[in-house]
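Structure assessment
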Amino acid sequence: MGTNEANMDPNLHVEMKDLVNSVDSVNFRREPYPPIEPYSSGFLKVSEIHSLYWEQNGNPDGHPVLFLHGGPGGGTSSGNRRFFDPEFYRIILFDQLATLQRGAGKSTPRASLEENTTWDLVNDIEKLRKHLGIEEWQVFGGSWGSTLSLAYTQSHVEHVTGVVLRGIFLLRKKELDWFYEGGLAAIYPDAWESFRDFIPEEERGNFITAYNKRLNSSDAELQNKAAKIWTALEMATSYLLPNEDSLKRGEDDGFSLAFARIENHYFKHKGFFPTDSFLLDNIDKIRHIPTTIVQVRL
């Protein structure tokens, strides 16, 4: 998912409370840092069929931080560089002005689902870390980026100095059910109705499966229409108030097809995790790592 935080499980605050730093006495900067441009960028071939775009910003000698966006398949904008103090951080972003997913943004081939799983992405992150000559780095992820941040950190504890998780999403069944099986309608009824009405009544028992069928159809017109509607739901609900830039981005044929196919692919396969609570079950592996969780409710 993108940045929607309404489906946060309240029990997660209890389950993960030992991970949260006390921030009550910290004076936070309330405005983003000034715009910056990358000082280096390139493509990294991570498999026989996938090449991923990367860029570095800020201080080349600063503390490395990896930004992981929402989605999967979504992406970020140049504004995401502005989360970090460019004098202190060496800011690493992936792909389309910083999207991480294989098949998304500037990465090739676009919208590809082949060799495209959470664990492929975890391996991609490690390949990038080695490619850039980084021994340790901080990981910063929002929504799906928080999912991937946890999966990566639990797999490579020794290379992570700290974690910032924004808008936590653990890709559990109850989270997906809330968003895609009707819970969202209580907050965004108009967006939900458009999403629901595209699917015939007899297939509404599982919207993720119903959309998966259409997003992988040989009928290009049907595929593109399903992608536009799937993406429109995400773009309309990723902000408390409508964001025109986000809505306009969702209308782009190329973006919506890549985004919808990749996101639906991950959700249909339950994030490629072996169990529903996999990330929480393995939280002890990273309990010692300094972690900040930023979470709000509507």
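Numbers given for residues are sequential positions, taken from 1 along each chain in its written order. In view of the model being predicted, local features appear only for residues whose pLDDT reaches at least 70, and side-chain atom pairs are presented and counted only at 80 or more, with totals across whole chains, interfaces and linings using the full set of residues. Heavy atoms from the whole structure form the basis of all side-chain values; hydrogens and water molecules are not counted.

Some details on the overall build of the protein chain
As a reminder of what qualifies: Segments assigned H or I by DSSP are reported as helices when at least four residues long, segments assigned E as strands when at least two residues long, and all are numbered from the N terminus. Think of it in three bands: residues with accessible area under 20% of the maximum for their type are buried, residues over 50% are exposed, and the middle band is partly exposed, with areas taken using a 1.4 Å probe on protein chains only. The method behind every accessible area is Shrake-Rupley, applied with a 1.4 Å probe, and residues are considered shielded solely by the protein chains displayed.
The helix and strand inventory of the protein chain stands at 10 helices and seven strands. Across the 298 residues in the protein chain, those meeting the buried criterion constitute 55%. Accessible surface for the protein chain amounts to roughly 13600 Å². Of this, 50% is attributable to carbon and sulfur atoms.

Focus: the pattern of salt bridges
So the rule is basically this: A side-chain nitrogen of Lys or Arg and a carboxyl oxygen of Asp or Glu constitute a salt bridge if their distance falls within 4 Å.
With the rule as written, the count across this model stands at 10 salt bridges. A salt bridge links Glu 55 to Arg 81; its shortest N-O distance comes to 2.8 Å. Placement of the pair is Glu 55 in strand β2 (residues 51–58) and Arg 81 in the loop between β3 (63–68) and β4 (89–94), with a sequence separation of 26 residues. Across the pair Lys 228 and Asp 253 runs a salt bridge, and its minimum N-O distance is 2.8 Å. Residue Lys 228 is located in helix α7 (residues 220–237), and its partner Asp 253 is located in helix α9 (residues 253–268); the two are separated by 25 residues in the primary sequence.

Section: the nonpolar core
Short version of the rule: To qualify as a nonpolar core, a set must consist of buried Ala, Val, Leu, Ile, Met, Phe, Trp, Tyr and Cys residues joined through side-chain atoms within 4.5 Å. Should any heavy atoms of two residues lie within 4.5 Å, those residues are counted as being in contact.
Among the nonpolar cores identified, the biggest contains 66 residues, and Tyr 180, Phe 195, Tyr 211, Trp 230 and Phe 267 are the most heavily contacted of them. Considering every element that reaches this core, the biggest residue donor is α9, with seven residues. Sequence-distant contacts of Phe 195, that is, excluding residues within four places in its chain, are made with Tyr 180, Phe 207, Tyr 211, Ile 229, Trp 230 and Leu 233. Within the second largest apolar cluster, nine residues are counted, among which are Ile 36, Phe 84, Tyr 89 and Leu 93.

As for helix α5 (residues 189–197)
What counts here: To obtain the arc, one takes the directions from the helix axis to the C-beta atoms.
Three or more residues of α5 are buried, namely Ala 191, Trp 192 and Phe 195. What you see down the axis of α5 is that its buried residues fit within an arc of 95 degrees, all on one side. Packed against the buried residues of α5 are α4 (173–180), α6 (207–215) and α7.

Digging into the side chain of Ser 238
We count it as follows: Counting of polar contacts relies on pairs of N or O atoms within 3.5 Å, with two restrictions inside protein: one atom must be capable of donating a hydrogen and the other of accepting it, and residues adjacent in sequence are counted only when both atoms are side-chain atoms.
One can find Ser 238 in the loop between α7 and α8 (244–250). Separated by 2.6 Å, the side chain of Ser 238 and the backbone oxygen of Glu 234 make a polar contact.

Comments concerning the pairing of strand β7 (residues 291–294)
As a reminder of what qualifies: Strand pairing is assigned whenever DSSP detects at least two bridges linking the two strands.
The side-chain alternation of β7 yields one buried face, formed by Thr 291 and Ile 293, and one unburied face, formed by Thr 292 and Val 294. Pairing geometry for strand β6 (residues 160–166) and β7, over four bridges, is parallel. Considered in β7, the bridge of Arg 166 is made with Val 294.

What to know about the sheet that holds strand β5 (residues 137–142)
Short version of the rule: Angles here are taken between N-to-C directions and fall from 0 to 180 degrees, while the axes themselves are lines fitted to C-alpha atoms, restricted in helices to the stretch in contact.
Strand order in the open sheet made by the seven strands is β1-β2-β4-β3-β5-β6-β7, with mixed pairing throughout. Lying at the two open borders of the sheet, with one neighbouring strand each, are β1 (40–45) and β7. Mean inter-strand twist for the sheet, computed between neighbouring axes without regard to direction, equals 20 degrees. Where β3 lies against β5, four bridges are found, and the strand directions are parallel. Note on β5: the bridge partner recorded for Leu 68 is Gly 141. Running over the sheet, helix α3 (residues 144–155) touches β3, β5 and β6 and is turned about 145 degrees from β5.

A word on the confidence of the model for the protein chain
Applied cut-off: Each residue carries a pLDDT score, the predictor's confidence in it, ranging from 0 to 100.
The pLDDT averaged across the protein chain works out to 86; a share of 85% of its residues lies at or above 70. A low-confidence stretch, residues 3–25 (pLDDT under 50), is modelled with 48 contacts involving residues beyond four sequence positions or located in other chains. Residue range residues 96–101 is modelled with pLDDT below 50. Its contacts to residues more than four positions away, or to other chains, number 43 contacts.

Considerations on α6
Residue pairs three or four apart in sequence face the same way in an α-helix, which turns once every 3.6 residues. With seven of nine residues buried, α6 lies mostly within the body of the structure. Residues of α6 that are buried include every one of Phe 207, Ile 208, Ala 210, Tyr 211, Asn 212, Arg 214 and Leu 215, and no others. Packing partners of the buried residues in α6 comprise α4, α5, α7 and α9. Of the residues flanking the start of α6, the one acting as N-cap is Asn 206, its side-chain oxygen 3.2 Å from the backbone nitrogen of Ile 208.

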